Amino acid sequence: MTTLALNNVRPYGEDETNILIDVDAGVIDSIDGTACTDADEVIDCGGKILLPGLVDMHVHLREPGREDTETIATGSDAAAKGGFTAVFTMANTQPVIDQPFLADAVWEKGQAYGKCDVYPVGSMTKGLKGESLTEIGLMSRGHVKMFSDDGRCVNDPQLMRRAIEYAKAYDVVLAQHAEDHRMTDGACAHEGENAARLGLRGWPRVAEESIVARDLIMTRDYGGRYHLCHASTEGTVSLLRWAKAQGVDVSAEVTPHHLLLTDEKLESFDGVYRVNPPLRENRDTVALRDALLDGTIDVVATDHAPHGSEDKCVEFENAKPGMIGLETSLAIIAKVFVESGLADWRFVAKVMSERPAEILRLADQGRPIEVGEPANLTLVDPEAAWTARGEEMASKSTNTPYEGSEFSARVVGTWLRGAQTFDAVGNGTN
Ligand code: NCD
Ligand code: ZN
């Protein structure tokens, strides 16, 4: 048996202990008070925090089609560096992931590279056109656990109803990008004082909330496993709260940028701040934080959306929406919730690993750090004091809205089934 000892670690930021991993089996072999010094590899973790490997329900790895901005390989490197052991990559590639063989290819490439489990998301409608449904049943027999037209909203209510019914029959998750496109034509910023002052066309909250309301009512009446992508408004939070109070079984995600940034950033006219849904106002940020704390919003998802400089370093209204996020996500969640005293590392494990794995029913992710469980693990230095730099990231793109920002918490090691996929000391890869 090949073994790895992680000595002096603090699982969930709690009491220090020593963990021995059976690398061949990819599982935790023992956890006890005595440090193991004769393992094949011994790492003294010096009291750093150990979390279950992080799971991201929403990323864009751009392969196939835009490999100049990200690939399954570079996206897996970025994921591992951010502490992730599983990610779900959206279907809005070129071609769109709307057939089983395309989804299989994404999964196979991710597995062959081996740095992160890359789950393909299948599109709900063919070519993301919003006209006819894809073969949800066929795709669900492969590796597709979630369907989404993300980047576009399934606006047509009758089509959405049919999608809910099919998804229910095949027991898969439907993830909606809630945006009534008829209300956001030409819009590039949150509709509010800032956009008005700067002369930018606004994307009103109601464009999101009206779709959320409709979808929650449909889920109430037709059932199924509905998931809301990137919730961004105070009103969306109220609607989710209303639905959950009535027992409607839905889940929702929030991005680190909607928890931390507001539309005050628009002042710079820097295209790096253009994103869908747009950065909103302080009251939205506060409501989203509260919702994540009380479980109204279930998970954090990065919506890692790489774009090249030709699409970002242009006039604000011409910039493509999207920000990269895999390598800053843990630091932001630690800053907003742990360093502020609002929550502890158990909470971080819940919203960034356990709940997403539960929603997607991943048997081997988001598991407790216990003997016999898969060694999908993330080691965090809570006091690393580091500065975010796009150029230093593993992602192929550099469109981070946090350029030059200082953070405390940093991922320093990631293991997927016992194999190290990121090692800060080894400069990014091993
Ligand atoms: C995403 C992209 O670039 O693919 N952009 C974004 O602003 N979030 C699509 C999406 O998640 O809506
Ligand atoms: Zn989206």
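Residues numbered from 1 in each chain as written. Chains lettered and ligands numbered in written order. Predicted model: local features only at pLDDT ≥ 70, side-chain atom pairs only at ≥ 80, totals over all residues. Heavy atoms only, no water.

1. Re the packing of aromatic side chains
All chains considered together, the criterion is met by five aromatic pairs. An angle of 40° between the planes, with centres 5.6 Å apart, marks the rings of Trp 386 and Phe 407 as tilted. Within this pair, whereas Trp 386 is found in strand β17 (residues 386–387), its partner Phe 407 is found in strand β18 (residues 406–407), the two being separated by 21 residues in sequence. As far as burial versus exposure is concerned, Trp 386 and Phe 407 are alike and both buried. Arranged with centres 6.0 Å apart and planes meeting at 75°, the rings of Tyr 402 and Phe 407 form a pair that is edge-to-face. Both residues of the pair, Tyr 402 and Phe 407, belong to the buried class. These aromatic residues form a ring-pair network of at least three members: Phe 88, Trp 107 and Tyr 119. Taking NZ or CZ as reference, Arg 280 lies 4.8 Å from the ring centre of Trp 203, over its face. The positively charged end of Arg 346 is found above the aromatic ring belonging to Tyr 12, 3.8 Å away from the centroid. (Phe/Tyr/Trp six-rings, centres within 6.5 Å; stacked < 30°, edge-to-face > 60°. Helix = DSSP H or I, 4+ residues; strand = E, 2+ residues; numbered from the N terminus. Buried < 20%, exposed > 50% of the residue type's maximum accessible area, 1.4 Å probe, protein only. Lys NZ or Arg CZ within 6 Å of the ring centre and 35° of its normal.)

2. Focus on the environment of Leu 54
Along the polypeptide, Leu 54 turns up in strand β6 (residues 54–59). When its relative accessible area of 0% is taken as the criterion, Leu 54 is described as buried. Expressed as a C-alpha distance, the spacing of Leu 54 and Ala 409, which sit 355 residues apart in the sequence, is 15 Å. Discounting residues that sit within four places of it in the chain, Leu 54 has contacts with Gly 82, Gly 83, Phe 84, Thr 85, Ala 86, Leu 330, Met 352, Ser 353 and Thr 378. (Contact = heavy atoms within 4.5 Å.)

3. With respect to the site of ligand 1
Arg 62, Asn 92, Asp 150, Asn 276 and Asp 303 are the nearest of the 15 residues found near ligand 1. Within the side chain of Asn 92, an N or O atom sits 2.8 Å from an oxygen atom of ligand 1. At 3.2 Å from an oxygen atom of ligand 1 is found a main-chain nitrogen or oxygen belonging to Gly 322. Relative to its free-state accessible area of 310 Å², ligand 1 is covered by the protein chains to the extent of 94%. A class-by-class count of the residues in the shell around ligand 1 yields three nonpolar, nine polar and three charged. (Near = heavy atom within 4 Å. Polar contact = N/O pair within 3.5 Å; in protein donor to acceptor, adjacent residues only side chain to side chain. Areas by Shrake-Rupley, 256 points an atom, 1.4 Å probe, with all protein chains shown as cover. Nonpolar A, V, L, I, M, F, W, Y, C, P; charged D, E, K, R; others polar.)

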